[in-house]
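In case you want the letters, here they are:
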Amino acid sequence: MTLASETTTTTATTTATTATTTATTVQLRLTDGWFTVCDLAALTPGRGVAALLPDGHQVALFLDRTGRMYAIDNRDPFSGAAVLSRGLTGTHQDRPFVASPLLKQRFDLESGQCLDDETVRVATYEVRAL
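So, how was this worked out
- Each chain has its residues counted from 1, running along the sequence as written.
- A pLDDT threshold of at least 70 governs which residues receive local features in this predicted model, and a stricter bar of 80 or more applies before side-chain atom pairs are shown or counted, although totals over entire chains, interfaces and linings include all residues.
- Heavy atoms from the whole structure form the basis of all side-chain values; hydrogens and water molecules are not counted.
- Two strands qualify as a pair provided that DSSP identifies no fewer than 2 bridges between them.
- Think of it this way: any DSSP run of H or I at least four residues long counts as a helix, any run of E at least two long counts as a strand, and we number them from the N terminus.
- Only the stretch in contact is used when fitting a helix axis, every axis being a line fitted to C-alpha atoms; angles between N-to-C directions are given from 0 to 180 degrees.
- By nonpolar core is meant a set of buried Ala, Val, Leu, Ile, Met, Phe, Trp, Tyr and Cys residues that side-chain atoms within 4.5 Å join together.
- The rule is simple: take the accessible area with a 1.4 Å probe, protein chains only, and divide by the maximum for that residue type; under 20% is buried, over 50% is exposed, in between is partly exposed.
- By the convention used here, residues are in contact when the closest approach between their heavy atoms is within 4.5 Å.
- Every definition here rests on a 1 Å grid over the protein atoms only: cavities are sets of points where a 1.4 Å probe fits but cannot get out, pockets are open sets enclosed by protein on both sides within 12 Å along at least five of seven lines, and lining residues have some atom within 4 Å of a point.
- Grid points are joined across faces, edges and corners, and a volume is the space filled by probe spheres set on the points.
- Residues were grouped as follows: Ala, Val, Leu, Ile, Met, Phe, Trp, Tyr, Cys and Pro as nonpolar; Asp, Glu, Lys and Arg as charged; and all remaining residues, including Gly, as polar.
- Here the aromatic set is Phe, Tyr and Trp, taking the six-membered ring for Trp, and pairing holds for ring centres within 6.5 Å; pairs whose planes are under 30 degrees apart are stacked, those over 60 apart are edge-to-face, and all others are tilted.
- Consider the ring centre and the ring normal. A charge sits over the ring if Lys NZ or Arg CZ is within 6 Å of that centre and within 35 degrees of that normal.

Caption draft 1: Layout of the sheet that holds strand β7 (residues 88-92). Reading across from one edge, β7-β8-β9 is the order of the 3 strands in this open sheet, with antiparallel pairing throughout. Sheet topology places β7 and β9 (106-108) at the edges, where each strand pairs with a single neighbour. Taking each pair of neighbouring strands and ignoring which way they run, the sheet shows an average axis angle of 35 degrees. The pairing of β7 with strand β8 (residues 95-99) spans 5 bridges and is classified as antiparallel. Residue pairing across strands places H92 opposite R95, the latter belonging to β8.

Caption draft 2: Expanded view of the nonpolar core. V26, L28, L43, V59, L61 and M69 are the most contacted members of the largest nonpolar core, which totals 18 residues. Of all the elements in the fold, those that place two or more residues in this core are β2 (25-30), β3 (33-39), β5 (58-63), β6 (69-73) and β10 (127-129). Excluding residues within four positions of it along the chain, L28 makes contact with G33, W34, F35, V37, L53, V59, L61, A71, Y125, E126 and V127.

Caption draft 3: Focus on the layout of surface pockets. Of the pockets and cavities examined, the largest pocket occupies roughly 200 Å³. Elements with a minimum of two residues in the lining of the largest pocket: β5 and β7. Top contributing element to the lining of the largest pocket by residue count: β7, with 3 residues. A class-by-class count of the residues in the lining of the largest pocket yields 5 nonpolar, 5 polar and 5 charged.

Caption draft 4: Local environment of the packing of aromatic side chains. A full pass over the atoms with the stated rule returns 1 aromatic pair. Between F78 and F107 the ring centres are 6.2 Å apart and the planes differ by 45 degrees, which places this aromatic pair in the tilted class. Highlighted residues: F78 in the loop between β6 and β7 and F107 in strand β9, separated in sequence by 29 residues. Given a relative accessible area of 31%, F78 falls into the partly exposed group. When its relative accessible area of 0% is taken as the criterion, F107 is described as buried. A cation sits over an aromatic face here: R106 above F97, 5.6 Å from the ring centre. Note that R128 overlies the ring of W34, its terminal NZ or CZ placed 3.9 Å from the centroid.

Here it is in structure tokens:
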């Protein structure tokens, strides 16, 4: 897997390219700028990783098998537990999602929208690899 050294998007994703890179860290855009979350090596395709933000909130980071990264709030709004990073990933109508390990609601990894209850959404973060 290779990532472009400064690739970003307008929502919660970053896209991999075939260019050779030396990207080693994952960063999130917060209100006061970019925050280094973890080493890129900590992300495994198809699995989530939880990270603590400076304000005490948790973020769930995901890397899919195509090299795209996603970052959403780790708190499951239905149970209140910080568990979304432990959920199962998949796709529905070509949209990537994570299913909560507790109550199984699915959250779109790009928009944060709950696929099972249109009134519920989790926060998303812009993410990049440097």
